Amino acid sequence: MSTVEQPVEVDGDKLMQFVFRAVDEVGATLNAALVEMGDKLGLYRALAGAGPLSPAELAERTGTAERYVRESLNAQAAGGFVEYDPDGGRYSLAPEQAVALTDTSSPAYLPGLFQTAIGSVIDSPTIIERARSGDGFGWHEHVHDVHEGCERFFRPGYNAHLVAEWLPSLEGVVDKLERGALVADVGCGHGASTILMAQAYPNSKFVGSDYHEGSIETARSRAEEAGVGDRVRFEISPAAGYGGDGYDLVTMFDCLHDMGDPVGAARHVRSTLAPEGTWMIVEPNAGDRVEDNLNPVGRAFYGFSTLLCTPASLSQEVGLALGAQAGEARIRDVVTAGGLSRFRRAAETPFNLVYEARI
């Protein structure tokens, strides 16, 4: 018995609404490159606090070509990233825009996020092919903008919250750090979190580790520049194989979900913790259900998860692929499967959840 498909009636108004929304998405995609242009050419820094400027004046201040600057400013004005005065034909940055686009000390600083997005898009043709085969794409395989952009995005948040809020939210950890503790910062990348803790707690010793050799080279250089080389060392090693034991604190910042075998990493953490040691896990802010994450932050993190996090996990043994939006319940499952019985949410920000785990 055959069935006859009934024609689907299309609402013309809804169709056009979707088309214009899609056009807005194309503009947003292109704007990511324009934000990176404004950042790397110094356009935002020159605009910040300068008052209204013409494209020619901005081009002169930044040593750039006026015609490129004019087109970029028009696109940025259409997207609400700069202000435009039609009477004077000049452009400016509102104070809030200036903070988000130029203040590297603010947790609202955004250029690193755009840089990471651009790097992810650059790598997307390869990711598309890996999606056909199911193969992974390692963190080390990504272009430099991904590595640098991630640090530039996450570092201001760590600067704002790590010492002031996150570490104090853990039971007894600050007292140990002030007296002198042994700390392992696993998946440390360029070492921003490791160096920040070392600067705050000079009596403690820190071991940063990451499987990516290029990141560790950068971390070592940054530690020397920061003057903490006497109490920080960095090693190239996977999360389930970093050296040492008796750690009073093990930290993982925005990396557990990227690991191929997070349960194996959890077991290794348990084996290296001191009896009263603490594991601090910082993960993207996510709910346990898909519908909990259908919001702007969840959308961005699901996108990064598709292009960065999931491929990274699939490139490693086990390939559990938790994804950036794993949520508290799945992180708890990983921790308890690794042999740690105590687990709680200790702190949170709009972008991160901070968990405390203990034996």
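Details of the structure are given in the entry above.
Here the structure is a predicted model, which means the values were calculated and not measured.

How do you make sense of the overall build of the protein chain when you look at a structure like this?
Regarding its fold elements, the protein chain presents 14 helices and 9 strands. On C-alpha atoms alone, the protein chain measures out to a radius of gyration of 23 Å, which is about the 21 Å that the 2.2 N^0.38 rule sets for 359 residues. Of all 359 residues assigned to the protein chain, the portion counted as buried reaches 48%. Contacts in the protein chain between residues far apart in sequence, at least 24 positions, make up 67% of those at least 6 positions apart. Carbon together with sulfur atoms contributes 54% to the accessible area of the protein chain, which is approximately 17,300 Å² in total. Here the protein chain holds 29 positive side-chain charges and 51 negative ones, and the gap between their average locations is 4 Å.

Can you walk me through the pairing of strand β8 (residues 342-348) in this structure?
Successive side chains on a regular strand alternate, one facing one side of the sheet and the next facing the other. Note: β8 against strand β9 (residues 352-358), 6 bridges, orientation antiparallel. Residue pairing in the sheet places Arg 345 in a bridge with Tyr 355 of β9. A loop of 3 residues connects β8 with β9, the two strands running antiparallel in sequence.

Can you walk me through the packing of aromatic side chains in this structure?
If you walk through the whole model with that rule in mind, you get 10 aromatic pairs. Taken together, Phe 153, Phe 154, Tyr 158, Trp 166, Phe 253, Phe 301 and Phe 351 form an aromatic cluster joined through their ring pairs.

Would you explain the sheet that holds strand β6 (residues 247-253) in this entry?
Either a parallel or an antiparallel arrangement is found when strands of a sheet pair, and the pairing is made through backbone hydrogen bonds. The strand order β5-β4-β3-β6-β7-β9-β8 describes an open sheet built from 7 strands, whose pairing is mixed. Of all strands in the sheet, those bounded by a partner on one side alone are β5 (232-236) and β8. Averaged over all adjacent pairs, the angle separating strand axes in this sheet is 20°, with direction ignored. Alignment of strand β3 (residues 182-186) against β6, held across 4 bridges, turns out to be parallel. Bridge pairing links Val 183 to Leu 249 in β6. With respect to the sheet, helix α14 (residues 328-337) is in contact with β7 (273-284), β8 and β9, its orientation differing from that of β8 by roughly 140°.

Explain the environment of Thr 349 to me, please; I cannot follow it from the model alone.
Mapped onto the fold, Thr 349 is located in the loop between β8 and β9. Given a relative accessible area of 9%, Thr 349 falls into the buried group. Each C-alpha atom of the pair Thr 349 and His 161 lies 8.6 Å from the other, and the pair is 188 residues apart in sequence. Thr 349 has contacts with His 161, Trp 166 and Asn 285, leaving out every residue within four places of it along the chain.

I keep staring at the environment of Gln 6 and nothing clicks. Help me out?
For Gln 6, the position within the fold is in the segment before α1 (12-40). Along the chain, Gln 6 and His 212 lie 206 residues apart, while their C-alpha atoms are 55 Å from each other.

What is the right way to read the nonpolar core from this model?
Inside soluble globular proteins, nonpolar side chains tend to come together where they are buried. Counting 30 residues, the largest nonpolar core has Trp 166, Leu 167, Leu 177 and Met 280 as the members making the most contacts within it. Aside from chain neighbours lying at most four places away, what touches Trp 166 is Tyr 158, His 161, Phe 253, Met 280, Val 282, Ala 347, Thr 349, Asn 352 and Val 354. In terms of nonpolar packing, the next biggest core, distinct from the first, is built from 28 residues, Tyr 242, Met 259, Ala 266 and Ile 331 among them.

What's the story with the pattern of salt bridges in this structure? I'm lost.
Think of it this way: side chains of opposite charge can pair up when their charged atoms draw near. Under the definition given, this model contains 22 salt bridges. With its nearest N and O atoms 3.4 Å apart, the salt bridge here joins Lys 40 to Asp 145. In this pair, Lys 40 sits in helix α1 while Asp 145 sits in helix α8 (residues 144-166), placing the two residues 105 residues apart along the sequence. Of the residues examined, Lys 40 reaches a relative accessible area of 49% and is grouped as partly exposed.

Which parts of the structure should I look at to understand unusual backbone geometry?
Glycine aside, a negative phi is what most residues show, and trans is what most peptide bonds show. The phi angle at Asp 254 is positive, at roughly 50°, despite the residue not being glycine. Relative to the assigned elements, Asp 254 resides in the loop between β6 and α12 (262-272). Residue Asp 254 is classed as buried on the basis of its relative accessible area of 9%. Look at Ala 321: it is not a glycine, yet its phi comes out positive at around 55°. In this fold, Ala 321 is placed in the loop between α13 (296-314) and α14.

Got a minute to help me understand helix α6 (residues 111-122) in this structure?
Helical geometry: 3.6 residues make up each α-helical turn, so side chains three or four residues apart lie on a common side. Spanning 12 residues, α6 covers 17 Å between terminal C-alpha atoms, matching the ideal 16 Å at 1.5 Å per step. When we look at burial in α6, the residues that qualify are Pro 111, Gly 112, Phe 114, Gln 115, Thr 116, Ile 118, Gly 119 and Ser 120. Buried residues in α6 make contact with α1, α5 (95-102), α7 (124-133), α8 and α13.

Got a minute to help me understand α14 in this structure?
Where α14 is concerned, the buried positions are Glu 328, Ile 331, Val 334 and Val 335. Buried residues of α14 fall within an arc of 125° about the axis and therefore sit on the same side. Its buried side turned inward, α14 meets α12, β7, β8 and β9. Positive phi shows up at Gly 339, right after α14, with a value of about 100°.

Conventions adopted
- Residues numbered from 1 in each chain as written.
- Predicted model: local features only at pLDDT ≥ 70, side-chain atom pairs only at ≥ 80, totals over all residues.
- Heavy atoms only, no water.
- Helix = DSSP H or I, 4+ residues; strand = E, 2+ residues; numbered from the N terminus.
- Rg over C-alpha atoms; globule rule 2.2 N^0.38 Å.
- Buried < 20%, exposed > 50% of the residue type's maximum accessible area, 1.4 Å probe, protein only.
- Contact = heavy atoms within 4.5 Å.
- Areas by Shrake-Rupley, 256 points an atom, 1.4 Å probe, with all protein chains shown as cover.
- Lys, Arg positive; Asp, Glu negative; His and termini not counted.
- Charge placed at Lys NZ, Arg CZ, Asp CG, Glu CD.
- Pairing = 2+ DSSP bridges.
- Phe/Tyr/Trp six-rings, centres within 6.5 Å; stacked < 30°, edge-to-face > 60°.
- Axes fitted to C-alpha atoms, helices over the stretch in contact; angles between N-to-C directions.
- Core = buried A, V, L, I, M, F, W, Y, C linked by side-chain atoms within 4.5 Å.
- Salt bridge = Lys/Arg side-chain N within 4 Å of Asp/Glu carboxyl O.
- Expected span 1.5 Å × (residues − 1).
- Arc of directions from axis to C-beta.

Read these as geometric descriptors, not functional statements.
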